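# Architecture and fold: a report
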Amino acid sequence: MPVGTGGTVKGVPQDILEELGVQILLGNTYHLYLRPGVEQVRNLGGLHRFMSWPRAILTDSGGFQVFSLSGLRKVTEEGVTFRSHLDGSSHFFTPESAMEAQIGLGADIIMAFDECTEYPADPARARASMEMTLRWAERSKKYFEEHKHEVPWSSRLSSVIGRLQTQVPRSARDDNIVAETATPTLFGIVQGGMDPQLRKESAERTLEIGFPGYAIGGLSVGEPRHLTREIVEATLEHLPADKPRYLMGVGTPEEIVEYANLGVDMMDCVLPTRAARHGLLFTSEGKISIKQARYAADDNPLDQNCACRVCTRYSRAYLRHLYASNELLAQVLNSIHNLSFYLDTMRRVRDAISLGERARFLSDLRSARKP
Ligand SMILES: [Zn+2]
C-alpha cells in the first residue's frame, strides 16, 4: 500500500496511481484529523470522493503518529493527549474517537486504536502496554459495532444521488461514489514489544476479541532488522492464515518479498515515496542515488528492466539534471518510478504465489543489491 498521508501520495496524481495498478492506499488519520479535519472530509462525502479515489483506502488509527510525537503526548487509560505538530494545539484521541474519525473519513479498512510500544522497553512496560492495547481493542470494537453505519454517505446518500440524477453532469468524479451501502471493516493490532511470548499472548487474546483481519504493529521502531524478522515470524504463526495479515510500516523491496514469503498479505511503507524525494531510486540492479555526478552524462534509462512511464521515456542524465536543479518534476518522476518498482515487486510475489511457489527471485534481488 502506497502511503497517502494527507489524502495524497506525495507528488503522484490519482490517475497515475490507477495506471500503476495501485489497489489500495493508506491514509493517516492523525494528519487528516488535523487538516482538513474529519468533519470537512465527511461533509464532502468521505475521503474517496474528496480525493477522487474509487479504489480501496485503509486508514491507520492515529496511534502510531501520536506515538512518534514522543515529547508532545501523554498516555492514560482513557486515551492519548497530544499536541499538533502544526500549531501546538492540544487534542485527545481515545479508542472511541479514533473509530469515529476513521468511520467519518469513510475508509474501507480501519484500524483499532493501539499503543505502539517503544523500543527498547523493559518486560513490565511491554506487558503493561500490550494489556492496554487489548483493552483499547475491546473498546474500539464495541464503538465500531455500534457506529459502523455512520459512514459519510449514509446521511448524504439520498441527496447526493438526487443531485447526480437531476443536476450534475456525469463526470469521472461521480464514478467515485462507491458502494454507498458499504460499511468499513475493522482490523485488530497485535503488540507485545520484542518478546515472542508476549506477541503470542497478544495474538491469541486479539483473536479472542475477533476481527476479520489482523495487523502486526510495534515494529520498525528502531530495532535491528534480524529482530523485526524474528518477531514477525513469532507472531505470524499465531494468526490465522485465512484472514488478512498486515505488517505495518515495512519495508525495503527485499523485506517485502521476505515477509510475503513468510505469509504477510499486506504492508505499507513511506520508503518508496520518501526515498524518491531524496533522489534514492530502487532498481533491478540495486539502489541508486540519482544526484551523483556519474549520472550526468548517462543516457541510459533509470532501470533497463522497468517498463514504467519514467524508465521508458527519460534518461538517467535527465533525471539527474532535474534533481540537481531542484525541479518539482524530479520528485514526481522519482516517486512514480519507485512506486512502480514496489508494485512490480509485489506483482511478482503474487505471480509466484499463484504458481504455488515461494518468490524465488528473493536471492536474485539480494545479490543485485550487493555493492
Ligand atoms: Zn521505472
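Provided above is the structure to which this section pertains.
Attention here is on the structure that accompanies the text. (Residues numbered from 1 in each chain as written. Predicted model: local features only at pLDDT ≥ 70, side-chain atom pairs only at ≥ 80, totals over all residues. Heavy atoms only, no water.)

This next bit is on the nonpolar core. Core analysis: the largest hydrophobic core is formed by 88 residues, its most contacted members being Leu17, Leu247 and Met267. For this core, the element with the highest residue contribution is helix 14 (residues 328-354), accounting for nine residues. Ignoring sequence-local partners within four residues, the contact set of Met267 consists of Met1, Tyr246, Leu247, Val250, Ile256, Tyr259, Ala260 and Met346. The next biggest cluster of nonpolar side chains, apart from the first, holds 13 residues, and it includes Ile24, Met111, Ile189 and Ala215. (Core = buried A, V, L, I, M, F, W, Y, C linked by side-chain atoms within 4.5 Å. Buried < 20%, exposed > 50% of the residue type's maximum accessible area, 1.4 Å probe, protein only. Helix = DSSP H or I, 4+ residues; strand = E, 2+ residues; numbered from the N terminus. Contact = heavy atoms within 4.5 Å.)

We now examine unusual backbone geometry. For the bond running from Tyr119 to Pro120, omega is -5°, close enough to zero to count as cis. With respect to the element layout, Pro120 can be found in the loop between strand 6 (109-111) and helix 7 (123-147). Residue Gly251 follows Val250 across a cis peptide bond; omega there is 10°. Of note, Gly251 is situated in the loop between strand 9 (245-247) and helix 11 (253-262). Within the chain, Ser220 stands out as a residue other than glycine whose phi angle is a positive 60°. Assignment of secondary structure puts Ser220 in the loop between strand 8 (214-216) and helix 10 (225-236). With phi around 60°, Asn326 is a residue other than glycine that occupies positive phi space. Following the sequence through the fold, Asn326 ends up in the loop between helix 13 (316-324) and helix 14.

One way to put it is that helix 6 (residues 95-105) packs onto helix 7 with a least axis distance of 8 Å and a crossing angle of 40°. In this view, helix 6 runs oblique relative to helix 7, as classed from their interaxial angle. As for the relative orientation of helix 6 and helix 7, their crossing is right-handed in sense. On helix 7, the residues touching Pro95, Glu96, Met99, Glu100 and Ile103 of helix 6 are Trp136, Arg139, Ser140, Tyr143, Phe144 and His147. (Axes fitted to C-alpha atoms, helices over the stretch in contact; angles between N-to-C directions. Parallel < 35°, antiparallel > 145°, perpendicular 65-115°, else oblique. Left-handed = near helix turned anticlockwise from the far one by under 90°.)

Here we come to empty space enclosed by the protein. A complete count under the given rule lists three cavities of 30 Å³ or more for this structure. Approximately 80 Å³ is the volume found for the second largest cavity. Residue lining of the second largest cavity: Gly63, Val66, Phe67, Arg73, Val75, Val80, Phe113, Asp114, Glu115, Cys116 and Trp136, and that is the complete set. Secondary-structure elements contributing two or more residues to the lining of the second largest cavity are helix 5 (63-68) and strand 3 (73-75). Broken down by element, the residue count for the lining of the second largest cavity peaks at three residues, all from helix 5. Split by residue class, the lining of the second largest cavity holds seven nonpolar, one polar and three charged. (1 Å grid on protein atoms, 1.4 Å probe; cavity = no way out; pocket = protein on both sides within 12 Å on 5 of 7 lines; lining within 4 Å. Points joined across faces, edges and corners; volume = space filled by probe spheres on them. Nonpolar A, V, L, I, M, F, W, Y, C, P; charged D, E, K, R; others polar.)

Before going further, it helps to examine the coordination of the zinc ion. For the zinc ion, every protein donor is listed as Cys306 (SG), Cys308 (SG), Cys311 (SG) and His337 (ND1), and the spread of their distances is 2.2 to 2.3 Å. Note that the zinc ion binds four donor atoms; their angles at the metal cover 96 to 119°, and the shape is tetrahedral. Written as a sequence motif, the donor arrangement for the zinc ion is C-x1-C-x2-C-x25-H. Residue Cys308 is located in the loop between strand 12 (286-289) and helix 13, and its partner His337 is located in helix 14; the two are separated by 29 residues in the primary sequence. Both residues of the pair, Cys308 and His337, count as buried. (Donors = N, O, S within 2.8 Å, 3.2 Å for Na, K, Ca; no water. Tetrahedral: all angles 85-135°; square planar, octahedral: opposite > 155°, others 65-115°.)

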